[in-house]
Every structure is written in structure tokens, then in C-alpha cells.
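Results of the structural survey
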Amino acid sequence: MAIVKMDKISLIGLQRDRNAIIDSLMRMGVVQIEDIDADNSENGLSDLITKSGDEEKVIQLDTQIEKIKAAIDYLSGFGTKKKGFFEAKRVVEKNELNEIIKNESDLWDIVENIDRLNEQLALLRSDENRLSNLIASLEPWENLRIPVEVTSTKYTIVAQGVVPVTADTEALENELAESAPQSYFERVNRDKDQSYISIIYHISCESAVSEILKKYGFSKVSFSGLTGTPAANIANARRQIAEIKEKRKDIQQKIREFAGSKDKLEVLHDYLEIQRDKVKVLSKMAKTDKTFILEGWLPAEKSSEVKSVISQNWECVLEIRPSQEGEDHPILLRNNPLVRPFEIITEMYSLPNSREVDPNAVMAPFYFLFFGMMVSDAGYGLVIALATGIILKKFKLQGMAHKMISLLFFGGISTFIWGALFGGWFGDVVSAVTSGKYTIPPIWFNPLDDPIRLLIWSFIFGALHIFAGMGLKAYMLIKDGKLLDVLFDIIPWYLVLIGLGMLAAGGFIAVIGKYMAIIGAGVLVLTQGRPEKNIIKRLFKGILSLYGVTGYLSDILSYSRLLALGLSTGVVATVINTMGTLFGFNIAGIIIFLVVFIIGTVFNIAINALGAYVHTSRLQYVEFFGKFYEGGGKGYEPFKIKTKYTNININDGRQSK
Amino acid sequence: MNILNALFSGNVLALTGAALAVILAGVGSAKGVGLVGETAAGLVSEEPESFGKVLLLQALPGTQGIYGLLTAFVILNKIGIVGGTAVELTTQQGFLFFMASLPIAIVGYLSAIAQARAAAAGIGIVAKRPEELAKAITFAAMVETYAVLALLASILMVFGIRV
């Protein structure tokens, strides 16, 4: 259990060496470079130095990276080869990288080409949309035999339009024939919304016709910009769409031809990202005319390596010193592999600050214990442990994902152990299936038979957890040399709480407990008012401090959730088994049982694992951390090579110019 | 009078208790999960990748309904309606079961809704700072404590009743 010791590094070097030094630091990847506050430097250099950094260059590189990324994304659309979700990054050797950088302009041509082709694709797509819409709007008129641009002849007027589907077109036709005999009416089409009609009439009966049309809710349709019959137009548009499809295939084929360059583009992308990071980090440094200054943190065990690499290669002022008391440094945790997965719980709360201890080693066993108690079913534990174990074995997980799955794996093992102790194997599935002929007896006892016993054990585990938290507090106080605080603030509470617990046991133990509690309470009354000068105030404050016992009691009672959630798993599992066996022992019954059992079990595991995670975390955050933990540390993020697609291997130990 | 006698028979009272536990706690959870779901949908429409996180928050007020079902099942099991031979309860025993169901029924209903509010507010945390999910969950889990305590009280009461 430990927070890794950090050393502070300050470096003043010559401008001409700057890029090489940054390069070297990046390759070592252990120094976290800190922002130098140029206006408020502790060295009193504020008059001499200015911030360095090149915003424009960063933006320029960012734009280039975006462009390449877009090209890579287009190419991924043509699925040359699918990459597995957890697959490791491809390693790129120095030669390959140099080759690619040498031919950078070729790659840029490809990026430009892909960009242009993609633009063409977008144009074609909008053309196709336009044509499809045109077809959709002309389709109802397909049977119209008059070219659409004809709206009149010398003596007649030609009109197309629609009336609502509710209008009676036969009545309309009859009325027209009566009032305006010099007219021709045709219903071209009809759909669920409207009727499509075409009318030709002599100019002389214009007013009569328009009167009738108005009555039937006619609205004119015009085909601006089109010539020829609708059918001809539709055919034309379809032909154009077919052509577009051809063209698109061509373009896609052209893009696909670039797919072979995708690997190279990925390398270029990552290379530019590295360049960008190098320029970006400059903004954290300060400079004078001839020199540059950087400050940062690095793990103490790396100090000598960094020191020798830098001072052997370049002339510079380099100071590496251990962090001072009370100085905030970035936090890197280092625990053994059994504890490491549990770090994620602390990380999600807050990293310890640099004056604290790393609580993970103490927290982990309790997390393990409580998670299993809350799920407490041997069958479920096996399922969880097997599923997560296979994932861990099969995929090379990194970072958070790895910790989370490992955490669940340990949780599964703990669940298995507790389940076996309590006799829960998928609830009571054995007894349910054999109608009670066989049961798997619990190794310890069945909480359903004696919940009070488990409740008491929950409180005992809870008290131990809280005592551990107080112990860590005492450890930190001792580390800071505040022995009196330990003697007055922590030990009396141990006496009171343990004494009260023994009081409940009865007999001779209770007598000892009584005196322990009284002594503890006495010390608290006498000492808790220490900061006050006035003796009466001091006593009053001391007595008031005894009220704190309610806080501890409610903390301990909070651990009753261990029992409640443990019972709930078993009972819900029993409900599932009962439902499953309702249909008896026949083929349909067995099939129904399997379906109900599998779905129910998956559901129950998911809900209970979530519940166990949430409530165990809460016990850690509120009851345990509340006793001693401050948090607020910032994570250690060294300046190093960060790439998206590949692992660029430029770790050859020499600096590149 | 016959109806009254039947209504206040031990088994009817015990079943009423079991039903209340499921109904009230279930309605509370349904309301709660729905409430968080509405807020969650708002965030997911902007950031679809936060789905997994907000789903976790949405699931939190759902436990009260399960606790209600659990209590009902323990009661049904105890009076032999599920698995075993049905027991004829006295009116007093029936009232005992009825009372035992009240903690999870009432606290379950109210705490599910209160927890949903905390979880919905937690979605605001996830929207602005996705890395602080654990804190959002903790706020909602604080409320859940009281549902767990009520469940515990109900179950201990049911276990303690002699039939």
C-alpha cells in the first residue's frame, strides 16, 4: 500500500537543445510537466521570463490530424479488415515510420483525394435525393398524356391540379359537362389523400369552369422547369439515378483502392499527434531569449535514470529534489495485484492527497468481504467469476476496464465462498427441482433460519470496518507526530464502543465492558473541550462530545444492509425457482423451468451485483472513508507518447534531430 | 356480518399486507424509474455514449419494488400459500402480518421517489462531469439506506411472527 514518492524536477536548458530534450523526456515518459506560472514564479524570475508555447502551430497540427482522421474513418467504412474490440495496437518500427514520413506528401495526396471523392459522393447523394423526390411527385401523374409544359393553346386552357379525396369527382365531371360543355375532364389518378385531375377547356367558359373548380376545392399544380409527359420525365429521372449509382460505385471503388494506405495513414495520424503533444507541452514552460525552463514531477525511483540521460546529453541546469512536507504532488498508487482492482473504488471517490496514506490495502479486504455477503450465492458467484475470468483470460484489457472486470472477478469468488457458507446454490434450486428430497446444507448456517445471528455478525463486521478506519486516522496522526490527539480522540472511542459491545454480551465480560466504557467516556468528557480556555465551556463541550456515540451507532447499524441484501438474493432466487417448477415434471414443465430459471438468474445476478457494488461502495465512502479520508489528490499523468491506432516504437535510446 | 368476518379473517389480512408491500413499493419504483428515465433520455439524446452510465442511475430506484416483492414472498411462504400447506391464521396473526408489511410498503413507496429525484439530479452530474458517476450514485444510494432498513424491519417482523 503506497502512494509512490515523487521528486520535483526543475530544468533550465538552452533553446537550441529544447526540442531534443523534450523528445527525450517524451520517450522516457515518466515526467509530468507542470504549468509554470510566469507572472508568479517562486524563483523571482517573473521579470526575465515569458511563457513559451505556439498556439497557432497546435491548431494547425490539430486541423491536419482531424483531416487524416476523417480520411481514416471513410476508409474504415469500406471494412478492409475488422479490428477486434480488445485487439492490441500494431507496433510500428522506426524504419517504417521514417519511410512514411519521407513519403508524407504522397499520403497527403491520398487524404486530399479521399476528401474530394467523398465530396463528390455527397453531391451525388443530394442529386439522387432530388431525383427521388421528383419521381415521387410525378408518379401520380404518370398516366397524363399531355406534356406538362403545355398550359394553353390558342383557344384553350390546359390545367392540372388536385382536389381532396372527399370531393366527388363524378359530380364535378357532370357539373362541368353541364355548365361548360366546351371542356374535357380526366381523372388521372387517385390516392388516399387526393384525386389528380386534368382539364382542358375553351377560353370562353373560363369563368364558369373556375367557379365549379373552386366549389370542389381544386388547387392547381404546376410543373415548373419540366418538359414532356410525366412518364417521360420519370423514366428520365430513373435513368439518371441508375447513372448516379454507377458513378457512386466507381467512386467507391476509387476510395477502396486507397484502403491499402489506411495503415500508413494511421501511422501518420499518430505521428502528428505526437508532434502536436510536443508543441502543446511548450505552453506549460517558460523561456528567455536563449534558455527555456520546465518544472515537473516524476516518481523518485526514476530520478537517477532521467538525471543521467539528460545531463549526459545536454548542457543544462538540472535539479531533482524530493517533494517537501505539505507540497502537493501528483498521485500514483502502487499496490500488489490482489489489491489493485479495488483502487478503482477509491479513484471514483477521490485520489488520496499527497499528505495521506493510500487506503486501498485496508479497504480491499472489506470490499471483498461485503460484496460477497451481499450477493451470497455460491452458484451466482461461480457464474460471475467464470464470466469475468474468461473475459480477463481472453482479452488483454487495459486500465479501468481491466480493474473493473478484475474487481467483479474477486467479487464473484467472495460471493461463491459466502454462498457456500450460507447454503445458497442458485437459491434453493436443488431442493426445488427434487421437490425437497435433496438439499445442499450450509457450511455455516442459513440466514433465512436465523436472521438475527447474521444481523449480529453484520454489526461485528461493521464495527471492525469502522475501527479499521479509526486506526488509519490514528496512523496518520502518529505519522504527523500528534500523539496526544490519538490518545484523546481515538483511543477513548475504542474503549467506549468496545465496552458497549461487551456490555451486550452479558456476564463477566459485561462488567469489564461497563468499566471500559465508563473510562473511555470519562476521558472524552475531560479532553474533548481542549481548545476552549474557559473551564466550564471545556467541560460542557466534553459532555456534548458523548453525543457522538449516536453517530457511531448509526454507522454500525448501517451495516444491517449486509443482511438485508444477502437475504434478498436468496429470496428472489427462491421466487424464480418456485415459479419455474409450477408446471411440474414433464417435458413442457422442464422447458418452462429452464427458460424461467435462466432469464430469472441472469436478472437476479445483474440486479444483485449492481446492488452489492452500490452498497459496498457506500459503506466504504460514507462509513469508512468518513472516519479518516480527505482525498482531493490529482492523478499522475506523465508526458509521454500517446497514440490512437498504433504503438510507434521510437524507443531506441538515442535522440533524434 | 359474514362479509365482515371474512374480510377480517387472518389470511385475508396477511394477504392484504403482502399485496400492499408489492403494490406501494412497486408503484413507487415504477414512478421513480420512470422519472429518472425521462431525465436520462434527455441526456442520451445529446450524448448517446453516456447510456451505460445513466442506465445505472435509472436502475437504482428500482430496488424498492423488489424489496416489496421480497416481503410479500416471505409472508406468503410463512403462511404456506407458496410452497407448503396453507395455515389458517387468527385475526390477530393476520393483523401482525399486515403491520409487518407496512414499513417496506410505505417507506418503499416514498423512498423510491425521493431516490429517483436524487438520481435524476445525478444525471446532471454525469452530463457535466462523466468521471464523477460514483458520486452521483452515492447520493442516490444514501436514500436507499432507508428502504433497506424498512425491508429489514419488515422481514424481521415477519420472521418473528409465530404461526
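Above this text sits the structure in question.
Before going into details, it helps to say that this report is about the structure given with it. (Residues numbered from 1 in each chain as written. Chains lettered and ligands numbered in written order. Predicted model: local features only at pLDDT ≥ 70, side-chain atom pairs only at ≥ 80, totals over all residues. Heavy atoms only, no water.)

Looking only at helices and strands, one finds 21 helices and 12 strands in chain A. In summary, chain A has a C-alpha radius of gyration of 40 Å against a globular reference of 26 Å for 657 residues, an excess of more than 25%. Taken over the C-alpha atoms alone, chain A extends approximately 120 × 85 × 60 Å along its principal axes. Across chain A, contacts joining residues at least 24 apart in sequence account for 80% of those joining residues at least 6 apart. (Helix = DSSP H or I, 4+ residues; strand = E, 2+ residues; numbered from the N terminus. Rg over C-alpha atoms; globule rule 2.2 N^0.38 Å. Contact = heavy atoms within 4.5 Å.)

It is worth spelling out the overall build of chain B at this point. When you go through chain B residue by residue, the secondary structure sums to 6 helices and 0 strands. Across chain B, helices and strands are ordered from the amino to the carboxyl terminus as α-α-α-α-α-α. Referenced to the eigenvectors of the C-alpha coordinate spread, the extents of chain B come out at roughly 60 × 25 × 25 Å. The 163 residues of chain B split such that 47% are buried. (Buried < 20%, exposed > 50% of the residue type's maximum accessible area, 1.4 Å probe, protein only.)

Looking now at the nonpolar core. Formed by 105 residues in total, the largest nonpolar core has its most connected members in Ile345, Tyr367, Met470 and Tyr613 of chain A together with Leu57 and Phe97 of chain B. Ignoring sequence-local partners within four residues, the contact set of Tyr613 of chain A consists of Ile345, Met348, Tyr367, Phe371 and Met404 of chain A together with Ile137 of chain B. If you look at the next biggest cluster of nonpolar residues, it comprises 73 residues, including Val148, Val267, Ile310 and Phe639 of chain A. (Core = buried A, V, L, I, M, F, W, Y, C linked by side-chain atoms within 4.5 Å.)

It is worth spelling out the interface of chain A and chain B at this point. Taken together, the contact pairs 28 residues of chain A with 25 residues of chain B. Where chain A abuts chain B, roughly 2300 Å² becomes buried across the two surfaces, and 84% of that area is made up of carbon and sulfur atoms. The largest share of the area that chain A buries against chain B comes from Leu610, Val614 and Arg618 of chain A, three residues that together contribute 18% of it. Our count for the chain A to chain B interface comes out at 0 salt bridges. Across the chain A-chain B interface, the total number found is 4 residue pairs in polar contact (both at pLDDT 80 or more). Looking at the side of chain A that touches chain B, the elements with two or more residues in it are α10 (343–349), α15 (451–479), α20 (561–580) and α21 (587–628) of chain A. Looking at the side of chain A that touches chain B residue by residue, the class counts come to 21 nonpolar, 5 polar and 2 charged. (Buried area = accessible area lost by both parts, 1.4 Å probe. Salt bridge = Lys/Arg side-chain N within 4 Å of Asp/Glu carboxyl O. Polar contact = N/O pair within 3.5 Å; in protein donor to acceptor, adjacent residues only side chain to side chain. Nonpolar A, V, L, I, M, F, W, Y, C, P; charged D, E, K, R; others polar.)

On the surface, Phe508, Val511, Ile512, Tyr515, Ile518 and Ile519 of chain A cluster together to form a nonpolar patch covering roughly 620 Å² of accessible area. As for its position among the elements, Val511 of chain A is in helix α17 (residues 507–527). (Patch = residues over 30% accessible without salt bridge, like charges linked within 9 Å, V, L, I, M, F, W, Y side chains within 5 Å. Areas by Shrake-Rupley, 256 points an atom, 1.4 Å probe, with all protein chains shown as cover.)

Time to look at the layout of surface pockets. Residue and element names in this part refer to chain A. Taken as a whole, the largest pocket holds about 810 Å³ of empty space. Around the largest pocket, the lining is made up of 24 residues, and of these Leu332, Glu347, Gly399, Met400 and Lys403 lie nearest the centre. When residues of the lining of the largest pocket are traced back to their parent elements, those giving at least two are α10 and α13 (399–422). It is α13 that contributes the most residues to the lining of the largest pocket, 5 residues altogether. (1 Å grid on protein atoms, 1.4 Å probe; cavity = no way out; pocket = protein on both sides within 12 Å on 5 of 7 lines; lining within 4 Å. Points joined across faces, edges and corners; volume = space filled by probe spheres on them.)

Let's shift gears to the environment of Phe342 of chain A. All names here are of chain A. Positionally, Phe342 belongs in the loop between β11 (316–322) and α10. You can call Phe342 buried: its relative accessible area is 4%. Phe342 sits 335 residues away from Asp7 along the chain, and the two C-alpha atoms are 26 Å apart. In this view, Phe342 contacts Asn360, Met363, Ala364, Tyr367, Phe368, Leu407 and Phe410; residues no more than four positions away in its chain are not counted.

All names here are of chain A. The final tally for this structure, using the stated rule, is 27 salt bridges over all chains. For Arg130, the salt bridge goes to Asp127, with nearest N and O atoms at 4.0 Å. Placement of both Arg130 and Asp127 in helix α4 (residues 104–138) is noted, with a separation of 3 residues, approximately one turn of the helix. Between Glu175 and Lys215 there is a salt bridge whose closest N-O contact spans 2.5 Å. Remark: Lys215 occurs in helix α6 (residues 206–215) and Glu175 occurs in helix α5 (residues 169–179); sequence separation between them is 40 residues. Residue classification places Lys215 among the exposed positions, given a relative accessible area of 57%. Here the salt bridges do not stand alone but share partners, grouping Asp62, Glu273, Arg276 and Asp277 into one network.

On the surface, Lys280, Lys284, Lys640 and Lys642 of chain A cluster together to form a positively charged patch. Here Lys642 of chain A shows up in the loop between α21 and β12 (646–648). (Lys, Arg positive; Asp, Glu negative; His and termini not counted. Charge placed at Lys NZ, Arg CZ, Asp CG, Glu CD.)

This next bit is on empty space enclosed by the protein. As enumerated under the stated definition, the model contains 2 cavities of 30 Å³ or more in all. Reported here for the largest cavity is a volume of approximately 110 Å³. Lining the largest cavity are 14 residues, with Leu565, Ser568, Ile607, Asn608 and Gly611 of chain A sitting closest to its centre. Residue assignment for the lining of the largest cavity shows that the elements contributing at least two residues are α20 and α21 of chain A together with α4 (63–78) of chain B. Its residues assigned to classes, the lining of the largest cavity shows 7 nonpolar, 6 polar and 1 charged. Of the voids in this model, the second largest cavity is the one considered here, and its volume is about 70 Å³.

Count 3.6 residues to each turn of an α-helix, and residues three or four apart come out pointing the same way. Here helix α2 (residues 55–77) of chain A spans 33 Å end to end across 23 residues, near enough to the 33 Å set by a 1.5 Å rise per residue. Within α2 of chain A the residues assigned to the buried category are Val58, Leu61, Ile65, Ile68, Ala71, Ile72 and Leu75 of chain A. (Expected span 1.5 Å × (residues − 1).)

Here the focus is the packing of aromatic side chains. Note on aromatic pairs: each is described by the distance of the centres and the angle between the planes. Residue and element names in this part refer to chain A. Per the stated rule, a full pass over the model turns up 32 aromatic pairs over all chains. Both rings, one in Phe624 and one in Phe625, keep their centres 5.8 Å apart while their planes meet at 35°; by these two values the pair is tilted. Here Phe624 and Phe625 have matching classes, each one buried. An aromatic cluster is built from Tyr349, Phe366, Phe370, Tyr559, Tyr621, Phe624, Phe625, Phe628 and Tyr629, whose rings are joined through pairwise contacts. Positioned above the aromatic ring of Phe445, the side-chain terminus of Arg453 is 4.1 Å from the ring centre. Just above the ring of Tyr645 sits the side chain of Lys644; from NZ or CZ to the centre is 5.6 Å. (Phe/Tyr/Trp six-rings, centres within 6.5 Å; stacked < 30°, edge-to-face > 60°. Lys NZ or Arg CZ within 6 Å of the ring centre and 35° of its normal.)

All names here are of chain A. Sheet topology places strand β5 (residues 156–164) next to strand β7 (residues 194–202); 9 bridges connect them, and they run antiparallel. Among the inter-strand pairings, Gly161 is bridged to a residue of β7, identified as Ile197. For strand β6 (residues 183–190) and β7, the ladder comprises 7 bridges, and the chain directions are antiparallel. What sits directly across from Arg190, in β7, is Ser195. (Pairing = 2+ DSSP bridges.)

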